[in-house]
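# An overview of the molecular structure
Listed below, chain by chain, are the residues.
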Amino acid sequence: MDFDKILESEHTFDPENWDEMEQLAHVMITDIFAHLKGIRDKPVWTKPTKKVSTSIFGERLPQKPQSIHKIYDKIKADIFPYNKGNIHPKFWSWVQSTGTPFSVLAEMLTAGLNPDVCTGDHAPMYIESQTIDWLKKLFEFPETGSGVLVSGTSMANLTALLIARDACTHQTVREKGLYQYDSQMVLYASVETHSCITKAADIIGLGKEAVRLIKTDDNFRIDIEELNNQIHEDKNAGLVPFCVVANVGTVNTGAIDPLSEIATICKKEKLWLHIDGAFGAFAKLVPEFKELLKPIEEADSIAFDLHKWMSLPVGIGCVLVKDREAHRNAFAIQPNYLQVHERGLASGFDPIFNWSIEMTRSFSSLKVWMHLKEQGVEKIAHIVRQNIAQVLYLENLIKREPKLELITPVTMNVICFRFNPRVHLGEERLDKLNKEIVIHLQENGLAVTSHAYINGKYVIRLANVNHRSTKADFEQLVKDIVYLGNELKPTI
Ligand SMILES: *Cc1c(COP(=O)(O)O)cnc(C)c1O
């Protein structure tokens, strides 16, 4: 047997020379910190060169070990300069986190300690549990509620809708599946709702058509009358309404649905109230939004990201659920290979697979826990408030600049506007011109904004969750857009 031979010289993935790797680790830390410290002076985005794509895609699947120095040299030369850009102070596209230096270290410790945070009696489980408790406190969710960390708000929304579905069917759906029901279950959300809600309805077996997309008012908030009408129409047609998803911060415009009215409808109609607060929920920490967002506390569940307005590195969101039992009932399962003992490592906390779709989970709570301790809630709230103030400042700059047109009112940290020189260009050429401006801003490395279609118009859209941005960055953005608009107009 060849297997016997292999034991004559046993290998490991540990380095032969630990010192050499440790030295490289120091170099990496120095480099990444220098990169972050100097990020403002670099272009926000640079298209990967042809050399980069061929050097990366040209390489065959490695069969033999390569030098760690050569690997890192390649990363430094071919990845650092052609990164996405969301760590830059002038990145305001989509809604993406900036990251923080301390969480670079958190990610390193997470990988180094490498616990599976699902079961067992070990310190990382305590951190996980405390982090959820702190997040409940942050949004003033009751202590008796439950929650789980997931990879982002798409997963958080999916988790919540699954719990809502099961609560509505008294869990029998878990035994027999949905086919036992004659009636279609339906849920409600505005047309401005993130597409992951429709995807979640698909995944939990209801189908995309189960999501009743309700039209919005002039401020992109769900139309309450229409919502009421649709619920009654559906009930009369023999469908089973079970949930309303309310937005706290829509992707396009940052709109906040009328939460109190929705909560009243949900109580009256006995519907699960879920809140998609991916980024917007954090505005609850700001004095000016406290009252408006207080009804969040009435929700049955809320989904939010920690990799948006909380600035943490990508890959972490959370769902909080008021009815702990409903949450557990939706996921609890008892595999005999994972029985909890009364003592030893396999004791302690209720395994997280009873609360989550996932099983083996990384120690990503560490970066949340470290960030909350390093910065404190007051500083986190300050940054959220600062970002809102910056967008209001930008709104004023836009109003004062005759060649810029404000398209949507600012409700939070999102703004939509366009370059409009007010000479008759026609909507089609204006769309084209603004698209070119967005692309030129990116290609020249000046700034990254995104775009949206609002009432059929192509608009420049900016979402600010960037703790590195300053007032001056927005002043420069306005100058750059007006300059590019003037330069590009004759070419359109
Ligand atoms: C970003 C976002 C999502 C999706 O969250 P991911 O973290 O990307 O999965 C859902 N809803 C809203 C409002 C968002 O902004």
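The sections below set out a description of the structure shown in this document.

What counts as what
- Residue indices follow the written sequence of each chain, beginning from 1 at its first position.
- Local features are withheld for residues below a pLDDT of 70 in this predicted model, meaning they are given only at 70 or higher, and side-chain atom pairs are given and counted only at 80 or more; totals for whole chains, interfaces and linings count all residues.
- Only heavy atoms go into the side-chain values, all of them from the structure, while hydrogens and water stay out.
- We place a 1 Å grid over just the protein atoms. Points where a 1.4 Å probe fits but has no way out form a cavity, open points with protein on both sides within 12 Å along at least 5 of 7 lines form a pocket, and any residue with an atom within 4 Å of a point lines it.
- Grid points are joined across faces, edges and corners, and a volume is the space filled by probe spheres set on the points.
- Comment: elements are numbered from the N terminus, with helices defined as DSSP H or I runs of at least four residues and strands as E runs of at least two.
- Throughout, the ten residues Ala, Val, Leu, Ile, Met, Phe, Trp, Tyr, Cys and Pro are labelled nonpolar, Asp, Glu, Lys and Arg are labelled charged, and all others, Gly among them, are labelled polar.
- In this analysis, strands are considered paired if DSSP registers two or more bridges between them.
- Whenever a helix is involved, its axis is fitted only over the stretch in contact; in every case the axis is a line through C-alpha atoms, and angles between N-to-C directions fall within 0 to 180 degrees.
- Centres within 6.5 Å are what make two rings of Phe, Tyr or Trp a pair, Trp counting through its six-membered ring; a difference in plane orientation under 30 degrees is then read as stacked, over 60 as edge-to-face, and the rest as tilted.
- Criterion for a charge above a ring: Lys NZ or Arg CZ within 6 Å of the ring centre, and within 35 degrees of the ring normal.
- Residue contacts follow a heavy-atom distance rule, with two residues in contact if any of their heavy atoms lie within 4.5 Å.
- The term polar contact refers here to a pair of N or O atoms within 3.5 Å; inside protein, the definition further demands a hydrogen-donor-capable atom paired with an acceptor-capable atom, and it admits residues adjacent in sequence only when both atoms are side-chain atoms.
- With a 1.4 Å probe rolled over the protein chains alone, any residue whose accessible area is under 20% of its type maximum counts as buried; one over 50% counts as exposed, and the rest are partly exposed.

## Structural notes on the layout of surface pockets
Estimates place the volume of the largest pocket at around 870 Å³. Met28, Ile32, Phe80, Val104 and Glu107 are the residues nearest the centre of the largest pocket, which is lined by 32 residues in total. Taken together, the elements giving at least two residues each to the lining of the largest pocket come down to α2 (18-37), α4 (68-78) and α5 (101-113). By residue number, the principal contributor to the lining of the largest pocket is α2, which donates ten residues. Across the lining of the largest pocket, the residue classes tally to 21 nonpolar, seven polar and four charged. In this structure, the second largest pocket encloses a volume near 570 Å³.

## What to know about the sheet that holds strand β5 (residues 272-276)
A sheet is described by the order of its strands in space; here seven strands give the open sequence β1-β7-β6-β5-β4-β2-β3, paired in mixed fashion. At either margin of the open sheet sits one strand with a lone partner, and together these are β1 (146-150) and β3 (211-214). Averaged over neighbouring strand pairs, the angle between their axes works out to 20° when direction is ignored. Pairing of strand β2 (residues 185-190) with strand β4 (residues 240-247) involves four bridges; the strand directions are parallel. Paired with Val186 across the bridge in β4 is Pro241.

## A closer look at the packing of aromatic side chains
Under the defined criterion, the tally for this structure stands at ten aromatic pairs. Ring plane angle 80° and centroid distance 6.5 Å describe the contact between Tyr72 and Phe80, whose orientation is recorded as edge-to-face. Pairing Trp134 with Trp369 gives two aromatic rings, centres 6.4 Å apart and planes at 10°, and the pair type is stacked. With Trp134 in helix α6 (residues 123-138) and Trp369 in helix α14 (residues 365-400), this pair connects stretches of sequence that are 235 residues apart. Taken together, the ring pairs connect Phe139, Phe282 and Phe304 into an aromatic cluster. One cation-aromatic arrangement involves Lys84 over Trp94; the distance from NZ or CZ to the ring centre is 4.4 Å.

## Regarding the environment of Gln96
Mapped onto the elements, Gln96 comes out in the loop between α4 and α5. Taking the C-alpha atoms as reference, Gln96 lies 6.3 Å from Asn86; in sequence the two are ten residues apart. Filtering out sequence-adjacent residues up to four positions away, Gln96 remains in contact with Lys84, Asn86, Phe91, His307 and Val465. Engagement of the side chain of Gln96 in a polar contact is seen with the side chain of Lys84, the distance being 3.0 Å.

## Examining unusual backbone geometry
Its identity as a non-glycine residue notwithstanding, Lys270 has a phi of 60°, on the positive side. With relative accessibility at 73%, the residue Lys270 sits in the exposed group. Look at Ser311: it is not a glycine, yet its phi comes out positive at around 70°. Inspection of the secondary structure puts Ser311 in the loop between β6 (301-305) and β7 (317-321).

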